[in-house]
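Single-letter residue listing:
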Amino acid sequence: MAKSPAWQRKEGKSPSGGLNEAGRRSAKAQGMNLKRPQPEGGSRKSSFCARMTGMKRKLTGSATAADPNSRINKALRKWDC
């Protein structure tokens, strides 16, 4: 039985949100081009924050949006959104 890629499993995810280096490497092996978070600013940060804030508003339930340990809230914190 084949294992799923690391980016889909716990060992590829960072406890503080997003993917860790192992997760990014496994995603790259599947043809994805993922980069580290850019919390210091720049165009990637602006784009990410705008996109994810909109997703949080439209695609999450009230319990997930209020939960500080949800994946979306962890990612927004990591990017300083």
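Residues numbered from 1 in each chain as written. Predicted model: local features only at pLDDT ≥ 70, side-chain atom pairs only at ≥ 80, totals over all residues. Heavy atoms only, no water.

Undergrad: I tried to follow the nonpolar core on my own but got confused; where do I start?
TA: Side chains of a nonpolar character, in soluble globular proteins, are inclined to be buried together. Within the largest apolar cluster, six residues are counted, these being Phe48, Met52, Ile72, Ala75, Leu76 and Trp79. In terms of residue count, the dominant contributor to this core is helix α4 (residues 71-78) (three residues). With near-sequence residues (within four places) excluded, Phe48 lies in contact with Ala75, Trp79 and Cys81. (Core = buried A, V, L, I, M, F, W, Y, C linked by side-chain atoms within 4.5 Å. Buried < 20%, exposed > 50% of the residue type's maximum accessible area, 1.4 Å probe, protein only. Helix = DSSP H or I, 4+ residues; strand = E, 2+ residues; numbered from the N terminus. Contact = heavy atoms within 4.5 Å.)

Undergrad: Just checking my understanding: could you explain the layout of surface pockets for this structure?
TA: Space left empty within the atom packing is revealed by a probe, the size of a water molecule, rolled over the atoms. The volume enclosed by the largest pocket comes to roughly 580 Å³. Considering the residues around the largest pocket, the lining is formed by 22 residues, among which Gly18, Leu19, Leu34, Phe48 and Trp79 are closest to the centre. With five residues, helix α2 (residues 43-59) is the largest single contributor of residues to the lining of the largest pocket. Considering only residue class, the lining of the largest pocket consists of 10 nonpolar, four polar and eight charged. (1 Å grid on protein atoms, 1.4 Å probe; cavity = no way out; pocket = protein on both sides within 12 Å on 5 of 7 lines; lining within 4 Å. Points joined across faces, edges and corners; volume = space filled by probe spheres on them. Nonpolar A, V, L, I, M, F, W, Y, C, P; charged D, E, K, R; others polar.)

Undergrad: Sorry if this is basic, but what is going on with the packing of α2 against α4 here?
TA: When two helices pack together, their arrangement is captured by the angle between the axes and the distance separating the axes. Viewed as axis vectors pointing N to C, α2 and α4 meet at an angle of 155°, and their least axial separation amounts to 11 Å. It follows from the interaxial angle that α2 and α4 lie roughly antiparallel. The chirality of how α2 crosses α4 is left-handed. Taken together, the residues of α4 that come into contact with α2 (itself represented by Phe48, Met52, Thr53, Met55 and Lys56) are Ile72, Asn73, Ala75 and Leu76. (Axes fitted to C-alpha atoms, helices over the stretch in contact; angles between N-to-C directions. Parallel < 35°, antiparallel > 145°, perpendicular 65-115°, else oblique. Left-handed = near helix turned anticlockwise from the far one by under 90°.)

Undergrad: Would you mind showing me how to read unusual backbone geometry here?
TA: Among all residues save glycine, negative phi is the norm, and among peptide bonds the norm is trans. One non-glycine residue with positive phi stands out, namely Asp80, at about 60°. With respect to the helices and strands, Asp80 occurs in the segment after α4.

Undergrad: Mind showing me how you'd approach the side chain of Ser26 here?
TA: Mapped onto the secondary structure, Ser26 falls in helix α1 (residues 21-29). Setting aside residues up to four positions removed in sequence, Ser26 forms contacts with Pro5, Ala6 and Trp7.

Undergrad: What should I look at first to understand the state of the cysteines in this one?
TA: Here, disulfide denotes a covalent bond that connects the sulfur atoms of two cysteines. By the definition in use, this model includes one disulfide. For Cys49, the disulfide goes to Cys81, at an S-S distance of 1.9 Å. The chirality of the disulfide connecting Cys49 with Cys81 is left-handed, given an S-S dihedral of about -75°. With Cys49 in helix α2 and Cys81 in the segment after α4, this residue pair connects regions lying 32 residues apart in the sequence. Its relative accessible area of 13% is what places Cys49 among the buried residues. (Disulfide = S-S within 2.5 Å.)

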